[in-house]
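Okay, here's what each chain looks like letter by letter:
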Amino acid sequence: AKGSRTKARPTAASPRGKAAPGKGETRTDGAAEPAFDAGRDEALANLGGDEALYARLISVFLRDTPGDRARLAAALDASDAAGTALVAHSLKGNAGVVGATTTADRARDLEHAARAGETARFAACRRALDKALDAALAGFAAKGHEPAAP
């Protein structure tokens, strides 16, 4: 109908009821990101409510993320789009499993940019991902989680 508008519906990626950034976009509106573990309840539900397993997965995330970041930095520094997409995809999945929704979203943005060969977007996507990873790592640590043993 002429003049009709549709409202954005809340999604797992946008619990505030605002549209989440579209494919390949990062937040630029200055709005606060959701809590670093906004997807915690969904992640826990996917694990059948097993709190011990959830805590173990967080520990693995804390242990593995520094190595993933180093691999990502190497791929980006080498302008390796395929390697960047692979590591970003891994980070996306790992973050999603522990409910670090914003981190998963930022990793997805970088993965999509890499798969599309949009190297001009790598720096902005990397900064957004680094910010989200820093918040997730600090947030989980603040909640008493420690990295798993190697």
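What counts, and where the lines are drawn
Residues numbered from 1 in each chain as written. Predicted model: local features only at pLDDT ≥ 70, side-chain atom pairs only at ≥ 80, totals over all residues. Heavy atoms only, no water. Phe/Tyr/Trp six-rings, centres within 6.5 Å; stacked < 30°, edge-to-face > 60°. Helix = DSSP H or I, 4+ residues; strand = E, 2+ residues; numbered from the N terminus. Buried < 20%, exposed > 50% of the residue type's maximum accessible area, 1.4 Å probe, protein only. Contact = heavy atoms within 4.5 Å. Axes fitted to C-alpha atoms, helices over the stretch in contact; angles between N-to-C directions. Parallel < 35°, antiparallel > 145°, perpendicular 65-115°, else oblique. Left-handed = near helix turned anticlockwise from the far one by under 90°. Nonpolar A, V, L, I, M, F, W, Y, C, P; charged D, E, K, R; others polar.

A. Molecular detail of the packing of aromatic side chains. All chains considered together, the criterion is met by 2 aromatic pairs. Ring centres 4.9 Å apart and planes at 90 degrees place the aromatic pair Phe-36 and Phe-140 in the edge-to-face group. Within this pair, whereas Phe-36 is found in the segment before helix 1 (40-46), its partner Phe-140 is found in helix 5 (residues 122-142), the two being separated by 104 residues in sequence. What makes Phe-36 buried here is its relative accessible area of 17%. Ring geometry for Phe-61 against Phe-140: centres 6.1 Å apart, planes inclined by 80 degrees, an arrangement best described as edge-to-face. A residue pair is termed long-range when its members are at least 10 positions apart, and Phe-61 in helix 2 (residues 51-77) and Phe-140 in helix 5 qualify at 79 residues. Residue classification places Phe-140 among the buried residues on the basis of a relative accessible area of 1%.

B. Region of the structure containing the environment of Ser-59. Looking at the secondary structure, you find Ser-59 in helix 2. The spacing of Ser-59 and Ala-141 is 82 residues in sequence and 9.5 Å in space, taken between C-alpha atoms. Excluding residues within four positions of it along the chain, Ser-59 makes contact with Glu-146, Pro-147 and Ala-148.

C. Expanded view of the packing of helix 3 (residues 81-97) against helix 4 (residues 101-115). Closest axis-to-axis distance for the helix 3/helix 4 pair is 8 Å, and the angle between their directions is 160 degrees. Classified by the angle their axes make, helix 3 and helix 4 are roughly antiparallel. For the pair helix 3 and helix 4, the sense of crossing is left-handed. Residue-level contacts link Ala-81, Thr-84, Ala-85, Ala-88, His-89, Leu-91, Lys-92, Ala-95 and Gly-96 of helix 3 to Thr-103, Ala-104, Ala-107, Arg-108, Leu-110, Glu-111, Ala-114 and Arg-115 of helix 4. Considered class by class, the residues forming the contact of helix 3 with helix 4 number 9 nonpolar, 4 polar and 4 charged.

Take it as geometry only, folks, not as evidence of what the structure does.
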